[in-house]
Amino acid sequence: MSLIPIPEDRRFKIKLIGYDPGRSRPWLERFVYSLYVVAFWLFVIATYAGVPALFDWLGWDGGWGYVVMRALQVVMLFLLSAVIALMLILALRKYLGKVQERYGPMHYGPAGGIQTVFDALKLLGKEDFVPAAADWLTFRLAPAVTFVSSFAIFAVVPFASGWTLADSNVGLIYLIAVSTLSAYGVLLGGASSGNKWALIGALRAGAQMVSYEVPLALVFLSVAVWSGSMSLGKIVDAQLGVWNVIPLFIPFVLYVISSLAELKHIPFDFPEAESELIAGYNVEYSGMSFAFFFLAEFVELFLLPALIVVFFFGGWHGPLFGLEPGTLAAGALQSLYFSVKTAVWVWIFLWIRATLPRYRDDQLMEFAWKAMIPLALLGLVLAAYMRLIWR
Amino acid sequence: MSLTAFYALAAFILLFALLAVTTANMVRAALSLAVTFFLIAGLYVLLGSPALAAIQFMVNASAIPIMTLFIIMMTQSRNSPAPKSWQIALGALAAAAALVFFRVAVDHGDSSVASASPAVLGEGLLRAALLPFEVASVLLLLAMVGAIVLARRRAG
Amino acid sequence: MSSTIGLEPVLGRSDEMIVNMGPQHPATHGVLRVVIGLEGERITRAVPHIGYLHRNHEKIEESRTYFQVVPFTDRMDYVSGTQNELPVVLAVEDLAGIEVPERAKMIRTMFFELFRIASHLVWMGTAMLDLGAITPFLYTFWDREIILGIVERTAGARMLPNYYTFGGVRRDLHPHFFKDVAEFLDHLEKRMPDYEHLVLENPIVHARTVGVGVLSKERAVARGVSGPVLRASGVAYDVRKAFPYDAYPEVEFEIPTSDAGDTYARFWVRFQEIYQSVKILRQLLEKTPKTGPFKGRAPARLKISGERYRAVENSRGELGVYVVGDGGDKPYRIKHRGAAFSNLQVIPDLFIGAKFSDAIAILSSLDPVFGEIDR
């Protein structure tokens with residue numbers, strides 16, 4: 001920028017001490033990050049189309065074969081969530097850098113592409129101790145509960161037509177249960193830390209998450225009423241003509257806000273705020289336990305936007321260009337549409353994170369109980385009314 | 001195969017239920033109770049009603065444990081004291097009586113199981129049992145309002 | 001949480017929780033420790049403890065010549081650069097009878113206002129960081145980089161330039177100075193609507209700051225508060241208008257005042273001060289002759305006797321200095337009146353009754369810099 005003057009009348013040259021981030025090569029950045037997206041997409045295809053094909057070819061169709069196949073898919077989804085976390089943490093830092101007029105990580109890997117690997121190594125290298133006053137069993141279990149509850153959302157997300165791990169007809173109830181479980185993990189973490197301030201922080205975080213689940217459940221109800229089913233696959237199928245965001249606009253807005261609150265994302269990140277007075281629920285955690293809380297948050301950062309796409313933006317719907325639905329190629333194309341839409345929503349969430357300050361604790365609870373629940377009820381009534389008229 | 005699943009689930013349910021009543025640490029006891037309910041949801045799946053299982057999961061294995069934890073955290077309760085011998089005896093007697101009662105009830109009652117899909121559950125609640133359903137929701141509302149009033153009176 | 005100095009008389013109330021805020025906390029205002037008594041959400045007592053950055057300025061200045069004192073004062077309010085030098089320079093000029101040419105006065109005022117803008121930009125970035133917005137911090141620091149670059153070209157150093165001296169300034173302006181400053185002011189005027197939109201018109205900022213930490217006029221005056229904090233409580237006192245110095249009598253500017261006295265008012269007043277500084281700078285850019293004397297005649301060895309108090313309007317308030325000379329070339333005593341030091345006195349008034357999550361917002365609106373407070 002020409003406005004930063006380097007004085008020409010210096011008597012000695014400027015010597016760059018420390019690390020020079022180098023020039024920014026946008027094409028390289030885009031290439032590296034597209035590689036991540038392609039890897040993600042290939043993983044999805046492998047998990048949902050490759051594994052069943054493999055088991056078909058092997059001929060393991062029986063009861064136990066089914067169990068093993070699903071187990072293998074779950075393992076692959078776990079690896080997928082690792083890839084997602086890798087990508088999202090880096091995407092967050094790079095995107096924040098772009099918004100804040102700076103580079104973001106540039107050192108490890110081309111244009112900083114491998115940075116998260118080193119972040120993970122750093123977290124692994126830290127001493128993972130249990131405080132003496134803490135209850136070690138619950139202390140160790142809490143991050144696992146939180147992570148499992150975030151990861152369990154994968155079971156019902158439809159990546160393409162028929163590409164779901166378990167398309168049960170009570171998918172919505174399962175989702176509510178799983179969101180509540182992640183609040184439980186947070187509460188367990190704070191309760192077992194043996195630290196008065198962690199307890200208070202956990203109570204706050206738990207209260208916030210539980211308060212925002214009520215509008216969440218009402219929004220789910222609205223979607224179920226409008227779509228006529230509680231199964232996510234059928235909800236996506238029902239959006240063939242028009243995406244749900246148009247008839248269900250109020251529930252959509254409320255769902256975005258509730259998702260931000262469930263994620264403990266800015267503007268609702270009071271429980272995790274570093275500049276606030278009282279420490280959060282994860283203050284006593286370090287090393288791999290902390291990494292699991294962190295991982296849970298980033299997996300949810302991917303999954304909650306994915307759910308927004310499923311419920312309101314047509315899921316995997318998109319022009320098929322004459323491909324037969326149900327084939328591998330159609331599935332691949334549909335999962336690509338899904339990934340792109342999810343990526344757009346993740347970007348919007350990151351944008352919100354970069355821009356807004358945070359609400360005060362009591363303000364966000366007031367907002368949930370006094371503003372969102374009445375609006376959610378209104379949305380539910382409207383959805384029921386519209387369903388009566390139009391379907 | 002579902003028989004092995006049943007035996008496995010039942011074993012774990014018994015184990016965690018026993019842990020729930022015998023652990024002195026309140027948080028661990030609450031956690032064991034939550035796991036017990038979660039496994040009971042598994043039993044519902046085996047019985048062919050995933051809808052009921054999901055509801056069981058949502059209410060008893062997620063929401064109630066959170067409430068229990070809130071209570072434990074806010075009252076900052078200490079570990080529960082070790083039970084006295086007469087309490088253990090009474091408890092064992094009650095458990096045995098319950099087992100006998102349920103065995104007799106299953107033998108003499110109608111042990112057919114209808115699978116409860118969401119549609120069936122909805123019809124049942126909103127047609128056959130509409131009045132009890134509405135009365136139950138009013139009761140819950142009363143309980144909620146009463147709790148808030150009591151809490152405000154204590155605080156203010 | 002260990003030491004509860006200042007709270008002993010009322011310790012023993014069982015429903016009160018003692019929380020220690022600082023001296024290191026991520027809300028980057030420096031090293032302040034406030035011992036807060038909480039009853040549930042409400043703060044019932046607040047006792048600030050300072051002195052964690054005490055570096056013995058005043059005692060050390062007693063063994064430095066007046067020329068050496070001037071760069072030393074830079075280190076007090078390190079965000080405001082040359083603003084700290086001015087009170088000492090003015091006091092000594094009065095005592096020694098040194099004449100300052102008109103052009104030098106204008107140059108000094110220009111740098112004074114440039115540093116006011118820089119300081120308010122730092123304040124804005126860190127205040128938003130405290131409230132949770134991570135991005136404005138980087139935007140305001142980028143703008144501040146431009147100012148620091150302009151200062152570096154003329155004065156030789158960025159943050160602590162040691163530029164003012166007795167009789168004027170040390171070096172003449174860089175040939176590109178006027179062009180650079182004009183460009184910077186254009187750039188800033190394009191950015192300020194964005195900052196207003198992001199900060200002042202942000203509903204979340206409104207929710208966090210409006211009605212929070214109200215300081216009444218009487219209380220502000222009683223505590224000796226000055227600067228934007230005082231003006232946000234309704235008192236239109238500005239040292240630049242009340243006891244003008246340098247080139248301020250020749251420029252037209254207003255004193256932004258607000259009657260609300262809450263945190264939002266303090267935010268608003270600082271914003272308006274940036275606009276007023278831009279106005280002053282534009283007037284001075286026209287008025288300052290491009291060539292001419294930048295320093296009056298001053299003796300190489302300065303022997304001062306007598307006492308003098310001079311004050312200037314720092315970014316934080318009235319920064320004053322009381323110089324006592326005994327005829328030697330080192331001062332007998334220099335006492336600094338820190339602006340933020342007096343402003344911190346209202347912490348108990350503002351914290352008590354507020355929720356403790358408001359404490360951070362209130363503290364950021366008071367804008368303390370601990371170099372100046374602890375010296």
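Above this text sits the structure in question.
Residues numbered from 1 in each chain as written. Chains lettered and ligands numbered in written order. Predicted model: local features only at pLDDT ≥ 70, side-chain atom pairs only at ≥ 80, totals over all residues. Heavy atoms only, no water.

Draft legend 1. How the structure looks around the arrangement of the chains. With 2 pairs of chains in contact, the largest contact count belongs to chains A and C. Here chain B and chain C are not in contact; the least distance found between their C-alpha atoms is 10 Å. (Contact = heavy atoms within 4.5 Å.)

Draft legend 2. Representation of the interface of chain B and chain A. At the junction of the two partners, chain B supplies 24 residues and chain A supplies 29 residues. Across the chain B to chain A interface the summed buried area is about 2,200 Å²; carbon plus sulfur atoms make up 83%. For the pair chain B and chain A, the number of links is 1 salt bridge. Linking chain B to chain A there are 3 residue pairs in polar contact (both at pLDDT 80 or more). Broken down by secondary-structure element, the contributors of at least two residues to the side of chain B that touches chain A are helix H2 (26-46) and helix H3 (50-75) of chain B. Ranked by the residues each element gives to the side of chain B that touches chain A, the list is headed by H3(B), at 15 residues. Per-class residue counts for the side of chain B that touches chain A are 20 nonpolar, 3 polar and 1 charged. (Buried area = accessible area lost by both parts, 1.4 Å probe. Salt bridge = Lys/Arg side-chain N within 4 Å of Asp/Glu carboxyl O. Polar contact = N/O pair within 3.5 Å; in protein donor to acceptor, adjacent residues only side chain to side chain. Helix = DSSP H or I, 4+ residues; strand = E, 2+ residues; numbered from the N terminus. Nonpolar A, V, L, I, M, F, W, Y, C, P; charged D, E, K, R; others polar.)

Draft legend 3. Expanded view of the sheet that holds strand S1 (residues 17-21) of chain C. Residues and elements named next belong to chain C. Strand order in the open sheet formed by 3 strands is S1-S2-S3, and the pairing between neighbours is antiparallel. Since the sheet does not close on itself, it has two edges, and those belong to S1 and strand S3 (42-49), each with one partner. Mean inter-strand twist for the sheet, computed between neighbouring axes without regard to direction, equals 20°. (Pairing = 2+ DSSP bridges. Axes fitted to C-alpha atoms, helices over the stretch in contact; angles between N-to-C directions.)

Draft legend 4. Representation of the pairing of strand S8 (residues 333-337) of chain C. All names here are of chain C. Residue alternation in S8 divides its side chains into a buried set, Ile334 and His336, and an unburied set, Arg333, Lys335 and Arg337. The sheet contact formed by strand S7 (residues 318-326) and S8 spans 5 bridges and is antiparallel. Each residue of the ladder has a partner; that of Val324, found in S8, is Arg333. Between the antiparallel neighbours S7 and S8 lie 6 residues, among them Gly327 with a positive phi of about 100°. (Buried < 20%, exposed > 50% of the residue type's maximum accessible area, 1.4 Å probe, protein only.)

Draft legend 5. Structural detail: a positive patch on the surface. Taken together, Arg64(C), Arg301(C), Lys303(C) and Lys330(C) make up a surface patch of like positive charges. Secondary-structure assignment places Lys303(C) in the loop between helix H11 (263-287) and strand S6 (305-313). (Patch = residues over 30% accessible without salt bridge, like charges linked within 9 Å, V, L, I, M, F, W, Y side chains within 5 Å. Areas by Shrake-Rupley, 256 points an atom, 1.4 Å probe, with all protein chains shown as cover. Lys, Arg positive; Asp, Glu negative; His and termini not counted. Charge placed at Lys NZ, Arg CZ, Asp CG, Glu CD.)

Draft legend 6. Quick look at the nonpolar core. Ranked by size, the top nonpolar core spans 197 residues in total, and within it Phe154(A), Phe159(A), Tyr255(A), Phe311(A) and Phe312(A) carry the most contacts. Beyond its immediate sequence surroundings of up to four residues, Phe311(A) is in contact with Leu172(A), Leu175(A), Phe220(A), Val223(A), Leu232(A), Ile235(A), Gln239(A), Asn244(A) and Tyr255(A). If you look at the next biggest cluster of nonpolar residues, it comprises 32 residues, including Leu32(C), Ala340(C), Leu344(C) and Leu363(C). (Core = buried A, V, L, I, M, F, W, Y, C linked by side-chain atoms within 4.5 Å.)

Draft legend 7. Broad picture of the pattern of salt bridges. Here the structure, examined in full by the defined rule, presents 39 salt bridges over all chains. The shortest N-O distance in the salt bridge between Arg93(A) and Asp119(A) comes to 2.7 Å. Here the residue Arg93(A) occupies a position in helix H2 (residues 63-99), and Asp119(A) occupies one in helix H3 (residues 115-125), the gap between them amounting to 26 residues. The class for Arg93(A) is partly exposed, based on a relative accessible area of 32%. Where Glu273(C) meets Arg231(C), a salt bridge forms, and the shortest distance between an N and an O atom there is 2.5 Å. Placement of the pair is Glu273(C) in helix H11 and Arg231(C) in helix H9 (residues 228-232), with a sequence separation of 42 residues. On the basis of relative accessible area, Glu273(C) is assigned to the buried category, the value being 2%. Each of Glu113(C), Arg116(C), Arg231(C), Asp238(C), Arg240(C), Glu273(C) and Glu313(C) takes part in salt bridges that share partners, so that together they form one network.

Read these as spatial facts, not as claims about activity.
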